[in-house]
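# Inside the fold
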Amino acid sequence: MNIVLENKGVKTDYFYVPPFVLGEGEVVVLFLSNGGYFYDTEMFLKDIFCDTTKRENVIIHKKMTFVEHFKESSFRRTFYPTTVGEYLRKNANLNDPFSKKIYEIEWITSKTKMNSLAGKPRRLLCLYAALSKTKDIVFDLVGVDPKGSDFIFKMVKKAIENGGSAILLDSFPDMKEHASKYIEVEWNKDMLPPVKEFKLNLNKNN
């Protein structure tokens, strides 16, 4: 098995990510928390795993890509909303089959407005676009209900089984039984500042 990423332990003042190795064909689920610290912790770790932020205890053997959420300004959403087709033209490899998989949902067309998509199809679309370009991803399931999360996780697992890899940064432990490896972040609860100070202190001191 080829190694994609080696984490020898990420330690901050507030939490510790135990060591793990991500290999090709594997999905590692990293359970962060389901509280107010989740988003900033996720952003901190995705920058490390995608090699945007260097960390000597994390060795990247193969570039990973974070699957961003679709965002649109209120002006654009009101006057010139982005369509599914436009999003794919800008974000997907149109020569890859994954760029067309969203149309397997029969009511979605290239003219469907992105802001009309609910949690599951919107997250699916972003993942399909990412997977059309790379099979090594870091992702989350924010905004997706449990049934949709289960569907998406199994889709990603199948998509990367022949040479890809994935890290799921999760806020619920639901995917434990499906993961290749399941890791829980260990929190130093005595050291945690108020949520509004967490990001500033995390980036400043670590």
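Refer to the structure presented above.
Now for a look at the structure at hand. (Residues numbered from 1 in each chain as written. Predicted model: local features only at pLDDT ≥ 70, side-chain atom pairs only at ≥ 80, totals over all residues. Heavy atoms only, no water.)

### Some remarks on a nonpolar patch on the surface
Together, Phe 75, Phe 79 and Tyr 80 make up an exposed nonpolar region whose accessible area comes to about 430 Å². Assignment of secondary structure puts Tyr 80 in the loop between helix 2 (74–79) and helix 3 (84–91). By relative accessible area, which is 56% here, Tyr 80 ends up exposed. (Patch = residues over 30% accessible without salt bridge, like charges linked within 9 Å, V, L, I, M, F, W, Y side chains within 5 Å. Areas by Shrake-Rupley, 256 points an atom, 1.4 Å probe, with all protein chains shown as cover. Salt bridge = Lys/Arg side-chain N within 4 Å of Asp/Glu carboxyl O. Helix = DSSP H or I, 4+ residues; strand = E, 2+ residues; numbered from the N terminus. Buried < 20%, exposed > 50% of the residue type's maximum accessible area, 1.4 Å probe, protein only.)

### Some points on the pattern of salt bridges
Within the structure shown, the criterion is met by 12 salt bridges. Across the pair Glu 104 and Lys 101 runs a salt bridge whose closest N-O atoms are separated by 3.2 Å. Accessibility expressed as a relative area gives 58% for Glu 104, which makes it exposed. If you follow the salt bridges from partner to partner, you end up with Glu 24, Lys 62 and Asp 136 in one network.

### Here we look at the sheet that holds strand 10 (residues 181–184)
If you walk across this open sheet you meet the five strands as 7-8-9-5-10, and the pairing is parallel. Either end of the sheet is taken by a strand with one partner, and the two such strands are strand 7 (65–66) and strand 10. Of the strand pairs in this sheet, strand 5 (residues 27–31) and strand 10 are connected by four bridges, and their pairing is parallel. The residue bridging Leu 30 from the neighbouring strand is Ile 183, located in strand 10. (Pairing = 2+ DSSP bridges.)

### Section: the sheet that holds strand 4 (residues 20–23)
The antiparallel open sheet is built from three strands, whose spatial order is 4-1-6. Each having just a single partner strand, strand 4 and strand 6 (58–60) make up the two edges of the open sheet. Ignoring which end each strand starts from, the neighbouring axes of this sheet average 15 degrees apart. In this structure, strand 1 (residues 3–7) lies alongside strand 4, joined through four bridges in antiparallel fashion. Within strand 4, the residue paired with Asn 7 across the bridge is Phe 20. Along the sheet, helix 1 (residues 38–49) contacts strand 1, strand 4 and strand 6; its crossing angle with strand 6, the most-contacted strand, is approximately 50 degrees. (Axes fitted to C-alpha atoms, helices over the stretch in contact; angles between N-to-C directions. Contact = heavy atoms within 4.5 Å.)

### Some remarks on the nonpolar core
Grouped together as the largest cluster of nonpolar side chains are 37 residues, with contacts concentrated most on Phe 139 and Met 155. At the level of secondary structure, the elements contributing two or more residues to this core comprise strand 5, helix 3, helix 4 (119–131), strand 8 (136–139), helix 5 (146–159) and strand 9 (165–170). When residues of this core are assigned to their parent elements, the largest contribution, eight residues, is made by helix 4. Residues within four places of Met 155 in sequence aside, it is in contact with Phe 98, Leu 124, Leu 127, Tyr 128 and Leu 131. By size, the runner-up hydrophobic cluster in this structure holds 29 residues, among which are Val 17, Tyr 37, Ile 48 and Leu 202. (Core = buried A, V, L, I, M, F, W, Y, C linked by side-chain atoms within 4.5 Å.)

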